[in-house]
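Structural overview for review
Chain by chain, the residues run as shown.
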Amino acid sequence: MSGLDKTADHAHDKAGYSFSTCWNIKRHARGSDMIEEIRELGFRQVELNYNVTDELLKTIEPMIERGEIGVSSVHNTFPHVADPDYGTDSVLLGFEDEEKRRRAVELLVRSAEYAHRYGAKAVVVHPGEVPFPFDISRKLQEIYREQGRDAEAYRTLWDEMLERRQALAGGYLARIRDSLEQASETLAARGYDLILGIETRSRCNQIPTLAEARWLIDQLKGSPVKLWFDIGHGMMMERMGLYDNAAELPGLIGDIGGLHIHETIGLSDHWCPYVHSGDDATFDLFLEAIDRVPLKVYELKAACEPEAIHRSHAILQQKLSARKGAPDSKPAADGGIQA
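Residues numbered from 1 in each chain as written. Predicted model: local features only at pLDDT ≥ 70, side-chain atom pairs only at ≥ 80, totals over all residues. Heavy atoms only, no water.

Remarks on the packing of helix α6 (residues 152-190) against helix α7 (residues 210-219)
Applied cut-off: Angular values range over 0 to 180 degrees, each being the angle between N-to-C directions of two axes fitted as lines to C-alpha atoms, with helices fitted over their stretch in contact. The helix count covers DSSP runs of H or I at least four residues long, the strand count covers runs of E at least two residues long, and both are numbered beginning at the N terminus. Roughly parallel covers angles under 35 degrees, roughly antiparallel covers those over 145, roughly perpendicular covers 65 to 115, and oblique covers all other angles. In this scheme the handedness of a crossing depends on how the near helix is turned from the far one: anticlockwise by less than a right angle means left-handed, clockwise means right-handed. A contact between two residues is defined here by any heavy atoms of the two lying within 4.5 Å. Residue classes follow a fixed rule: Ala, Val, Leu, Ile, Met, Phe, Trp, Tyr, Cys and Pro count as nonpolar, while Asp, Glu, Lys and Arg count as charged, and any other residue, Gly among them, counts as polar.
Remark: α6 packs on α7, axes separated minimally by 11 Å, with the N-to-C direction vectors making an angle of 30°. On the basis of their axis angle, the class for α6 and α7 is roughly parallel. Remark: the crossing between α6 and α7 carries right-handed chirality. Only E212, W215, L216 and Q219 of α7 make contact with α6, whose side of the interface consists of R165, A169, L173, A174, I176 and R177. Looking at the contact of α6 with α7 residue by residue, the class counts come to six nonpolar, one polar and three charged.

In structure tokens, the structure reads:
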């Protein structure tokens, strides 16, 4: 019996779902220990996040080769790159400096090489942002928490952010499009069958909004570029005022390549859906996307304990089953990730 078969017998089996290593990467010095802890939750697949180092991979790769764990996706830039210019909160694929942009494309292709080697189906990409001289999103979040979204201080700073964002986004989007096109052509030439998933982000100056994602996907028709919809980030950006999920998401649902599943409480993200918020209804907006999109990855913070993860998953499966008219106690069918 293979390692995956043993996992399938686990009482908490979560076939059809993957789980990001962001949950426990800071707790482990050995990659194999990190993966084993995730397997014990009942997951057959993992998303290897951008903090996974070459050192951690030394003990993870043998587990992949032996079939003890599958890899659904890797998160660019992968493996970990210490240079903040190519980190998760940077201009990245939208650099005006051609040398920096070329390097960003090379690193995306490198992430894809690892994804292809591991049999993954996607590379998750933070495309870029409209840079500001200070962290304007953090300042807005502080005002939001202390005074609320309707406060004059919030509206004034929000309008300042939006004016600069709208004035400059076009140039960054054009360069991001060109970078994604270059990466896509390289992947095609190498025969890589991978989704490049552009992720909805957690800061209001970051790209893409849902409208920007629509534009990029339309510009790159025929390429592997899809939306990677991060549900928690989507909730956060709607609360801050950047877009409207209920109005905009239906027009994109056929172009979603994958999901990050987590819930936002206020503006605090990466919590277990339904369980930590105690809100039985708000997250339901995203059930259709979870039901339809094949690549489903839990992206939870370290504070989420195993029991909460199991409870959250059980609630989610009951809700998905109810949508299909199945008994509440019966888990939903696999979401398309094959073990």
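Looking at the confidence of the model for the chain
Convention followed: Confidence scores here are pLDDT values: one per residue, from the predictor, ranging 0 to 100.
On average, residues of the chain carry a pLDDT of 93, and 93% of them reach 70 or more. Residue range residues 1-10 is modelled with pLDDT below 50. Its contacts to residues more than four positions away, or to other chains, number 21 contacts. Segment residues 328-339: pLDDT under 50, and 29 contacts once partners within four positions in sequence are set aside and those in other chains are kept.

Here's the deal with the environment of R311
Defined as follows: We call a residue buried when its accessible area falls under 20% of the maximum for its residue type, exposed when it is over 50%, and partly exposed in between, using a 1.4 Å probe and counting protein chains only.
By the secondary structure assignment, R311 is in helix α11 (residues 306-323). A relative accessible area of 44% means that R311 is categorised as partly exposed. Once the C-alpha coordinates of R311 and Y274 are considered, the two residues, 37 residues apart in sequence, prove to be 8.9 Å apart.

Topic: the packing of helix α5 (residues 136-147) against α6
Put simply, α5 and α6 touch, their axes get as near as 9 Å, and they point 160° apart. In terms of orientation, α5 and α6 fall into the roughly antiparallel class. The element α5 and its partner α6 pack so that their crossing is left-handed. Contacts from I136, K139, L140, I143, Y144 and Q147 of α5 reach α6 at A153, Y154, L157, W158, E160 and M161. Class assignment of the residues belonging to the contact of α5 with α6 gives a composition of nine nonpolar, one polar and two charged.

Considerations on the packing of aromatic side chains
This is how it is decided: Each pair of aromatic rings taken from Phe, Tyr and Trp, with Trp reduced to its six-membered ring, is defined by centres within 6.5 Å and is described as stacked if the planes are under 30 degrees apart, edge-to-face if over 60, and tilted in the remaining cases. In this scheme, the term charge over a ring applies when either NZ of a lysine or CZ of an arginine sits within 6 Å of the ring centre and within 35 degrees of the ring normal.
By the definition in use, this model includes 13 aromatic pairs. With 5.3 Å between their ring centres and 80° between their planes, F19 and W23 make a pair best called edge-to-face. What makes W23 buried here is its relative accessible area of 3%. Both rings, one in Y154 and one in W158, keep their centres 5.8 Å apart while their planes meet at 15°; by these two values the pair is stacked. Of the two residues, Y154 and W158 both sit in helix α6, four residues apart, roughly one turn of that helix. Each member of the pair Y154 and W158 is classed as buried. Among the aromatic residues, those joined into a ring-pair cluster are Y17, F19, W23, F43 and Y298. Between the NZ or CZ atom of R175 and the centre of the ring of Y172, over which it lies, the distance is 4.6 Å.

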